[in-house]
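These are the residues of each chain, in order.
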Amino acid sequence: MSLNKKKSWKVLLVSLVAAVSFSMLAACGSSADDSKAVATYKGGTITEKEFAMDQKIMKFLSPQQAQYLEIEAFKESILKQEVGFEYLASKATDEAKKQAKKEADSQIADLKKALGDKYKKTLKDADVTEGDIHGYMERVLTVYQDMLLKVTDDQVVKEFEATKGDFTVATLRHVLIGLTDASSKERTSEEALKIAKEAKAKLDGGADFAAIAKEYSDDTKTKDTGGEYKDKAVGTYVDEFKKAAQTLPLNTISDPVETSYGYHIIKVESRTDKTFDQLTDEQKEGIKSSIVSKNLEAFMEKDLEGIIESINLPKSSAAADESGTKNSGTEATTAPSASPSATKAAE
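Residues numbered from 1 in each chain as written. Predicted model: local features only at pLDDT ≥ 70, side-chain atom pairs only at ≥ 80, totals over all residues. Heavy atoms only, no water.

Caption draft 1: Molecular detail of the pairing of strand 2 (residues 44-47). Summarising the sheet, strand 1 (residues 37-41) and strand 2 pair through four bridges and their orientation is antiparallel. By the bridge assignment, A37 is partnered in strand 2 with T47. Following strand 1, the chain reverses through two residues before pairing antiparallel with strand 2; G43 in that reversal takes a positive phi of roughly 105°. (Pairing = 2+ DSSP bridges. Helix = DSSP H or I, 4+ residues; strand = E, 2+ residues; numbered from the N terminus.)

Caption draft 2: Highlighting the pattern of salt bridges. By the definition in use, this model includes 21 salt bridges. The partner of D54 in a salt bridge is R139, and the shortest N-O contact between them spans 3.0 Å. Residue D54 is located in helix 2 (residues 48-61), and its partner R139 is located in helix 6 (residues 130-149); the two are separated by 85 residues in the primary sequence. The exposure class of D54 is buried, given its relative accessible area of 5%. Counted as one network, the salt bridges with shared partners bring together R173, E228, K267 and E269. (Salt bridge = Lys/Arg side-chain N within 4 Å of Asp/Glu carboxyl O. Buried < 20%, exposed > 50% of the residue type's maximum accessible area, 1.4 Å probe, protein only.)

Caption draft 3: Focus on unusual backbone geometry. In the Ramachandran plot, D127 falls in the positive-phi region, its phi being about 60° despite a non-glycine side chain. Mapped onto the secondary structure, D127 falls in the loop between helix 5 (119-126) and helix 6. A positive phi angle is found at N251, which is not glycine, with a value near 60°.

Caption draft 4: Layout of the environment of T236. Within the fold, T236 resides in the loop between strand 4 (228-233) and helix 10 (239-247). Given the relative accessible area of 21%, T236 is considered partly exposed. When the C-alpha positions of T236 and D166 are compared, they lie 7.5 Å apart, and in sequence the two are 70 residues distant. Here the side chain of T236 touches A233 through a polar contact of 2.7 Å, landing on its backbone oxygen. (Polar contact = N/O pair within 3.5 Å; in protein donor to acceptor, adjacent residues only side chain to side chain.)

Caption draft 5: Main features of the environment of A199. Relative to the assigned elements, A199 resides in helix 8 (residues 189-204). Expressed as a C-alpha distance, the spacing of A199 and I265, which sit 66 residues apart in the sequence, is 7.9 Å. With sequence-adjacent residues up to four places away left out, A199 is seen in contact with I212 and Y216. (Contact = heavy atoms within 4.5 Å.)

Caption draft 6: Looking closely at the packing of aromatic side chains. Considering all chains together, one arrives at five aromatic pairs under this definition. Geometrically, the ring pair formed by Y237 and F241 is tilted, given 4.7 Å between the ring centres and 50° between the ring planes. Residues Y237 and F241 agree in their burial class; the two are buried. In textbook terms, an aromatic cluster arises when at least three aromatic residues are bridged by ring pairs, as seen for F160, F167 and F276. (Phe/Tyr/Trp six-rings, centres within 6.5 Å; stacked < 30°, edge-to-face > 60°.)

Caption draft 7: Structural detail: the side chain of T222. When you line up the elements, T222 lands in the loop between helix 9 (209-216) and strand 4. Look at T222 and you get buried, because its relative accessible area is 2%. A polar contact is formed between the side chain of T222 and the side chain of D219, at a distance of 3.0 Å. The contact partners of T222, leaving out residues within four places of it in the chain, are H174, G227, E228 and Y229.

Caption draft 8: View of the side chain of D218. The residue D218 is located in the loop between helix 9 and strand 4 in this model. Residue class for D218 comes out buried when judged on its relative accessible area of 19%. A distance of 2.8 Å separates a polar side-chain atom of D218 from the backbone nitrogen of G178. Those residues in contact with D218 that lie beyond four places of it in its chain are L176, I177, G178, T180, D181, A182 and R187.

Caption draft 9: The arrangement of the packing of helix 2 against helix 6 in detail. The geometry of helix 2 relative to helix 6 is characterised by a closest axis approach of 10 Å and an angle of 90° between their N-to-C directions. Looking at the two axes, helix 2 sits roughly perpendicular to helix 6. In this structure, helix 2 uses M53, D54, I57, M58, F60 and L61 to contact helix 6, whose residues at the interface are D132, I133, Y136, M137 and R139. When the residues that make up the contact of helix 2 with helix 6 are grouped by side-chain class, the tally is eight nonpolar, no polar and three charged. (Axes fitted to C-alpha atoms, helices over the stretch in contact; angles between N-to-C directions. Parallel < 35°, antiparallel > 145°, perpendicular 65-115°, else oblique. Nonpolar A, V, L, I, M, F, W, Y, C, P; charged D, E, K, R; others polar.)

And the structure:
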C-alpha cells in the first residue's frame, strides 16, 4: 500500500484533464454537425468535431473515467474547463510552447516504449493518431509551462513557509487495519475499528510493534518490516496520517487514526524539520508545480465564466427520463480527483 496520494502537477497534467474533460462521445457520433460550435469564448470556439476528438483521446488516456460520460450536469463543467485550457494556451509565450513541445515529445516516446509492439494497434483501436495525442498533450502542457515560467523565487519561498510542515522528515511505524482483509473481503468501518483497538491494546500492553504489524497489518509493503516508513517527508501521506506524523509525541502509540484506507496505529520514532536551503531541487520544483496547480484552479473558479460567451451542448438520451423530461440532476456532479493512473504509460 502506498500512502502517497499527492502527485505533482507535472505528473498529473494529462490525468487532470482526463478527469475533467470527458463529455459527449455518445452525442458526437456520425450524425453530429462537425462544424457546429459547442462553445464560444473570447478569441475562439470549440466545435463538435474538436470536442469529439478530445473525448477519444481522453478515453485512450483514461478509460476508467468513462462512467462520467453519463452525467449530464457534468458535461457542461467539462466543456467549460476545456475552454479554459484552449484560452490559456492561446495566451502562452513562445518559450512555454517550445518547452511544451519538448515535453510532449518525451511523453510520446515514453508511451511508445511502454506499449511496445502494441502501440500502433492501441492507437488504431482508439481511433486516434499519434499527431492527435501529441497535439492534445502539447496544448495542455503549454498551459502548465506558461504558468510555471511565471512562478518567482519569492513565491516559492512563501509557499514553502506556508507548507513547511509537509517537508518534515519522519521515521515511523504503523499498523493498518484496512477496509478489506488479506483475502480481499470487505470490512465495515466498525469492524476495522474494533480490530484496530485490539491491536492498540496489545501494543499498550508492551507487545513488540514489529510482531503486531506482522500479525495485524494490511499494509503489504511494510507488515514484514515492522510497519516502518523510514525518513519520509510527511507531506507524502494522506492528510489524517500526515497530521499524526507531524504532531504525535515521539515513541508513543497513537489511538486509531482513520483515513480512506482504514484505521492506522502509528508510532513516530524520529522527526526532523527542514529549512528551505535544505530542500532538493526536485522538492523546489514540486513547490513550483503546487503553485501552478493553485493558480490554475483559481483561474477555473474565478475567471473562466467571464471568458465564456456561450455553451451549446446537444442533449444526450441520458438527460431525459422515461417520460421525456430532463433528469432531476441528483447524480454526482463533482469532478473526480486527478489520478496518476491516466499517465502510467507516459510516466
